[in-house]
Structure formats: C-alpha cells, structure tokens
Amino acid sequence: AGKVFALLDRVAARDLYDAADFALAPPSDPSAFRGLFIALSGVLPRPLTEYDLRHLRAYSQGDLDRELVPFLRTGERVSPAELEARASEVLAPLLKLNEAERGYVELL
C-alpha cells in the first residue's frame, strides 16, 4: 500500500515505476489489500476521494531518462505509456470507492 500512496502523494518517476511493477505481482488477497489500502489512506494529505489518474499522464521520456533510468538495471528501458498503463491497472480499481468506503474515507 505504501508504494501506491507514494505515487498518489509525490507523483515521482520512481513511484510510477514501483506502482507499475506492483501490477506484475498483485497481492495474493486483493480484497484484504483493498481494505488495508482504504483504511490506511488517512496518511495521505487529502482524502482518497480527491485523487484520480490524471496526474499519471505527466511524464515524458525525458523525465524518465533523467529521474528514473539512472536507478534501473543496466539496459532496462521503460516508456511513459507502458508505466502509466500498468500503474493505472493498479490504481483505477483502488480509486473506485463504493458508498460505504467513500463515507469512511471522508471521516478520516
């Protein structure tokens, strides 16, 4: 949950990479992870209901080359579109809250 919170809060290239990597190894119990994610979302500076996927589109290849590539394995290449797509797979379902979850988040 911390990697996803980091992406929502900081919107740094490394956080985008980590969230995209999370899509390749999802939690063994998605329901439990979702509950934990929503419960812990109070650590964010704003309510979870105020976050969406729009900020993921803010990366250019130059941004990734400058901010991320120096930390990757030698020869590993990433593209903004690939990372954004995989990170969206992780974030989209987590950001779709039902009425009870929305009420809980608003009380945090």
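Residues numbered from 1 in each chain as written. Predicted model: local features only at pLDDT ≥ 70, side-chain atom pairs only at ≥ 80, totals over all residues. Heavy atoms only, no water.

### Side note on the packing of helix α1 (residues 2-10) against helix α5 (residues 80-95)
Relative orientation and spacing of two packed helices are given, respectively, by the angle between their axes and the distance between those axes. Note the following rule: Orientation is described by axes fitted as lines to C-alpha atoms, over the contacting stretch for helices, and by angles from 0 to 180 degrees between their N-to-C directions. Per the convention used, a helix needs a DSSP run of H or I reaching at least four residues, while a strand needs a run of E reaching at least two, with both numbered from the N terminus. Any angle that is under 35 degrees is reported as roughly parallel, and any over 145 degrees as roughly antiparallel; angles of 65 to 115 degrees are reported as roughly perpendicular and all others as oblique. Pairs of residues are marked as contacts when any of their non-hydrogen atoms sit within 4.5 Å. Polar here means any residue other than Ala, Val, Leu, Ile, Met, Phe, Trp, Tyr, Cys and Pro, which are nonpolar, and Asp, Glu, Lys and Arg, which are charged; Gly is therefore polar.
In the contact formed by α1 and α5, the axes pass within 11 Å of each other and the chain directions differ by 90°. In terms of orientation, α1 and α5 fall into the roughly perpendicular class. Between α1, through Val4, Leu7 and Leu8, and α5, the contact on the second element is made entirely by Ala87, Val90, Leu91, Leu94 and Leu95. Considering only residue class, the contact of α1 with α5 consists of eight nonpolar, no polar and no charged.

### As for the environment of Ala58
The cut-off we apply is this: Whether a residue is buried, partly exposed or exposed follows from its accessible area with a 1.4 Å probe, protein chains only, as a fraction of its type maximum: under 20%, in between, or over 50%, in that order.
Following the sequence through the fold, Ala58 ends up in the loop between α3 (30-40) and α4 (61-67). Judged by its relative accessible area of 55%, Ala58 is exposed. Between the alpha carbons of Ala58 and Glu84 there is a distance of 9.4 Å; along the sequence they are 26 residues apart.

### Considerations on the pattern of salt bridges
Spelled out, the test is: Any Lys or Arg side-chain nitrogen located within 4 Å of an Asp or Glu carboxyl oxygen qualifies as a salt bridge.
The final tally for this structure, using the stated rule, is ten salt bridges. Glu101 is the partner of Arg34 in a salt bridge, and the nearest nitrogen-oxygen pair spans 2.8 Å. Within this pair, whereas Arg34 is found in helix α3, its partner Glu101 is found in helix α6 (residues 99-107), the two being separated by 67 residues in sequence. Taking relative accessible area as the criterion, Glu101 reaches 16% and is therefore assigned buried. Residue Arg54 is joined to Asp52 by a salt bridge in which the shortest nitrogen-to-oxygen separation is 2.4 Å. With relative accessibility at 27%, the residue Asp52 sits in the partly exposed group.

### A few points about the nonpolar core
What counts here: We call a set of buried Ala, Val, Leu, Ile, Met, Phe, Trp, Tyr and Cys residues a nonpolar core when their side-chain atoms join them within 4.5 Å.
Judged by nonpolar contacts, the single largest core of 29 residues is most densely connected at Leu8, Phe37, Leu48, Leu68 and Leu83. Looking at this core, the elements with two or more residues in it are α1, α2 (13-24), α3 and α5. The element contributing the most residues to this core is α5, with six residues. Other than its neighbours up to four places away in sequence, Leu48 contacts Leu8, Phe37, Ile38, Ser41, Leu94, Leu95, Leu97 and Val105.

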